[in-house]
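# Commentary on secondary and tertiary structure
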Amino acid sequence: MSDDLAIRAEALEALLTERGLVNAEAIDAVVSHFENDLGPLNGAQVVARAWTDPAYRKRLLADGTRAIAELGFEGPQGDKIVVVENTPEVHNLVVCTLCSCYPWPVLGLPPAWYKSPAYRARAVREPRAVLQEFGVELADDVEVRVWDSSAEIRYLVLPARPAGSEDLGIEALRALVSRDAMIGVATVTHPGGGA
Amino acid sequence: MDGIHDLGGRQGFGPIPRGAAAESSFTADWQRRVFGMSLIGRLANIDAFRHAVERLDPVLYLTAGYWGRWLAALELLERESDSGAQGDATGSPVRTLDRPPRFRTGDCVRVRDHRTNGHTRLPGYVRGRRGVVLLEQGAWIYPDTHAHGEGEQPQYAYAVRFEGRELWGQTAEATSFVHVDLFEPYLEHCPTPGLESGSEERSE
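Please read all numbers here as calculations on a predicted model, not as lab measurements. (Residues numbered from 1 in each chain as written. Chains lettered and ligands numbered in written order. Predicted model: local features only at pLDDT ≥ 70, side-chain atom pairs only at ≥ 80, totals over all residues. Heavy atoms only, no water.)

### Observations regarding the overall build of chain B
In terms of helices and strands, chain B carries seven helices and six strands. When the helices and strands of chain B are read in sequence order from the N terminus, they spell out α-α-α-α-α-β-β-β-α-β-α-β-β. For chain B, the spread of C-alpha atoms along the principal axes amounts to about 60 × 45 × 25 Å. The contacts in chain B between residues at least 6 apart in sequence include a share of 71% that link residues at least 24 apart. Total accessible area on chain B stands at roughly 9300 Å², and carbon and sulfur atoms take up 49% of it. Put simply, chain B has 23 plus and 29 minus side-chain charges, and the middle of one group is 2 Å from the middle of the other. (Helix = DSSP H or I, 4+ residues; strand = E, 2+ residues; numbered from the N terminus. Contact = heavy atoms within 4.5 Å. Areas by Shrake-Rupley, 256 points an atom, 1.4 Å probe, with all protein chains shown as cover. Lys, Arg positive; Asp, Glu negative; His and termini not counted. Charge placed at Lys NZ, Arg CZ, Asp CG, Glu CD.)

### Side note on the overall build of chain A
Each helix and strand in chain A was counted, giving 10 helices and four strands. Structurally, chain A occupies a C-alpha span of about 60 × 35 × 30 Å along its principal axes. Split into buried and exposed, the 195 residues of chain A put 55% on the buried side. Sequence separation of 24 or more characterises 68% of the internal contacts of chain A that already satisfy a separation of 6 or more. Total accessible area on chain A is roughly 7800 Å²; 51% of this is exposed by carbon and sulfur atoms. (Buried < 20%, exposed > 50% of the residue type's maximum accessible area, 1.4 Å probe, protein only.)

### Describing the pattern of salt bridges
According to the stated counting rule, one finds 28 salt bridges over all chains in the structure shown. For B:Arg33, the salt bridge goes to A:Glu13, with nearest N and O atoms at 2.8 Å. Separated into two different chains, B:Arg33 in helix H2 (residues 29-40) and A:Glu13 in helix H1 (residues 2-18) make up a pair that spans both. B:Glu80 serves as the salt-bridge partner of B:Arg55, at 2.8 Å between the closest nitrogen and oxygen. Residue B:Arg55 is located in the loop between helix H3 (46-54) and helix H4 (58-63), and its partner B:Glu80 is located in helix H5 (residues 66-80); the two are separated by 25 residues in the primary sequence. Take B:Arg55: its relative accessible area is 35%, and that puts it in the partly exposed class. Connected via shared salt-bridge partners are B:Asp2, B:Asp113, B:Arg115 and B:Arg127. (Salt bridge = Lys/Arg side-chain N within 4 Å of Asp/Glu carboxyl O.)

### Description of the nonpolar core
Formed by 117 residues in total, the largest nonpolar core has its most connected members in A:Tyr119, B:Phe35 and B:Leu182. In terms of residues, this core owes the most to one element, H5(B), which gives nine residues. Two domains each provide a minimum of three residues to this core, namely domain 1 (20-82) and domain 2 (94-189) of chain B. When near neighbours in sequence (up to four residues on either side) are disregarded, B:Leu182 contacts B:Val111, B:Leu122, B:Pro123, B:Val126, B:Tyr156, B:Ala157, B:Tyr158, B:Val160, B:Phe162 and B:Leu187. (Core = buried A, V, L, I, M, F, W, Y, C linked by side-chain atoms within 4.5 Å. Domains from an automatic or database assignment.)

### Examining the side chain of B:Thr145
Residue and element names in this part refer to chain B. Along the chain, threonine 145 falls in helix H6 (residues 143-146). Assessed through its relative accessible area of 9%, threonine 145 is described here as buried. Leave out the neighbours within four places in its chain, and threonine 145 touches Glu150, Gly151, Glu152 and Gln153.

### Here's the deal with the domain arrangement of chain B
All names here are of chain B. Each domain of chain B was delimited in the assignment, giving domain 1 (20-82) and domain 2 (94-189). Inter-centroid distance (C-alpha atoms) of domain 1 to domain 2 is 26 Å. Each side of the interface is counted separately: domain 1 has six residues, and domain 2 has 10 residues. Counting each side, the surface lost to burial between domain 1 and domain 2 is near 590 Å², with a carbon and sulfur contribution of 50%. Our count for the domain 1 to domain 2 interface comes out at zero salt bridges. Our count for the contact surface shared by domain 1 and domain 2 stands at three residue pairs in polar contact (both at pLDDT 80 or more). Partitioned by chemical class, the residues of the side of domain 1 that touches domain 2 number one nonpolar, two polar and three charged. (Buried area = accessible area lost by both parts, 1.4 Å probe. Polar contact = N/O pair within 3.5 Å; in protein donor to acceptor, adjacent residues only side chain to side chain. Nonpolar A, V, L, I, M, F, W, Y, C, P; charged D, E, K, R; others polar.)

### A word on the packing of H1(A) against H5(B)
Contact pair H1(A) / H5(B): the axes reach a minimum separation of 11 Å and the direction vectors enclose 35°. Between H1(A) and H5(B) lies a crossing of left-handed hand. Along the contact surface, H1(A) presents A:Leu5, A:Arg8, A:Ala9, A:Leu12, A:Leu15 and A:Leu16, while H5(B) presents B:Gly68, B:Leu71, B:Ala72, B:Leu74, B:Glu75 and B:Glu78. Looking at side-chain class alone, the contact of H1(A) with H5(B) contains eight nonpolar, one polar and three charged residues. (Axes fitted to C-alpha atoms, helices over the stretch in contact; angles between N-to-C directions. Left-handed = near helix turned anticlockwise from the far one by under 90°.)

### A few points about the packing of helix H2 (residues 24-37) of chain A against H2(B)
As a packed pair, H2(A) and H2(B) sit with axes 9 Å apart at the nearest point and diverge in direction by 100°. In terms of axis orientation, H2(A) runs roughly perpendicular to H2(B). Residue-level contacts link A:Ala24, A:Ala26, A:Ile27, A:Asp28, A:Val30, A:Val31, A:Phe34 and A:Glu35 of H2(A) to B:Arg32, B:Arg33, B:Phe35, B:Gly36, B:Met37, B:Leu39 and B:Ile40 of H2(B). (Parallel < 35°, antiparallel > 145°, perpendicular 65-115°, else oblique.)

### Overview of the state of the cysteines
The final tally for this structure, using the stated rule, is one disulfide over all chains. Between the sulfur atoms of B:Cys108 and its disulfide mate B:Cys190 the distance is 1.9 Å. Torsion about the S-S bond of the B:Cys108 and B:Cys190 cystine: about -75°, corresponding to left-handed handedness. Taken as a pair, B:Cys108 in strand S2 (residues 108-111) and B:Cys190 in the segment after strand S6 (187-189) lie far apart in primary sequence, 82 residues in all. Of the residues examined, B:Cys108 reaches a relative accessible area of 35% and is grouped as partly exposed. Using a relative accessible area of 16% as the deciding quantity, one classes B:Cys190 as buried. This cysteine, A:Cys96, is not joined by any disulfide, and A:Cys101 carries the nearest cysteine sulfur, 3.6 Å off. Assessed through its relative accessible area of 1%, A:Cys96 is described here as buried. The thiol sulfur of A:Cys99 is not disulfide-bonded, and the nearest other cysteine sulfur, from A:Cys101, lies at 3.6 Å. (Disulfide = S-S within 2.5 Å.)

Printed below as a string of structure tokens:
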């Protein structure tokens, strides 16, 4: 079946090339941009900066789009980015139930599971069960806030800074921040933190 | 449209796929070509593209895989379009309006029983439900018209906060809230208690 799909994709590209709508080099360039220039390292930089710079954190929570653009991250699917903060009382989780909306400038392209029918169906209805599947256990009194990206606003989770990470610099912190933590299906841990 | 794509709250899907393939965005080169074509091919604006995906056969939607859906949607749009460029998939949808927003942060709103045979960004699971406006999100191209060549007709959008119990009744998990970004035409003010009978069943 995958071979059929590959053949169909090739045929479509030939048709669109003939119509002057695409060319192979332009496709290569845009794919390369998304695979190489964008990705969760951008988001991790935003998070690490927020953890180490209280004034930046404040700006980030007040106007995510602008604070993220300060670090040079903007573009399609980033016209308005709202940053939501995890605390001991609140855990945030991001989904797109209607398709696959995702904050490209800070996280790149979404992983396959984020786009799966199972995640899209379940995240809004049983977020705690979904989180448990990902290994995140929350007490019943922790408020779960699910964000369904149903319009053009995109969401980025600001995870809680892990215990024991007080002495780490911004680059070391950045390395701790996973894509999943910024979607909200993971927390950030510091293995050497002793906590 | 009440299509298969409107998945929020549907049951029976089982565990979320995990493992190496589920972690990646692409697992084959043809998927990269499909992504690139959808972005630069100008076969449709983003709303018409999303609607093309929604119009696929429901069984195909669930079995073709993510990039298989995109490929089928592009093929559909290619067949439906004439020779020229039809729309830009990556332009900014942000707009301004010279009228004020109808709703304000803190307002109680009820989602209208808004139905369409075409494209909408109103997830079915919030129809008829009550929530509170949490964020005023500014004005945007209205997907419901833009997907159908009926112009941008910009509308305000709002992040509306719904209690889990309001959406899922007895099956709701403890202490959970769902926030959904909804366009102004989808919303109305909550009815004043006592003025409308039968409207009080779902919330307190």
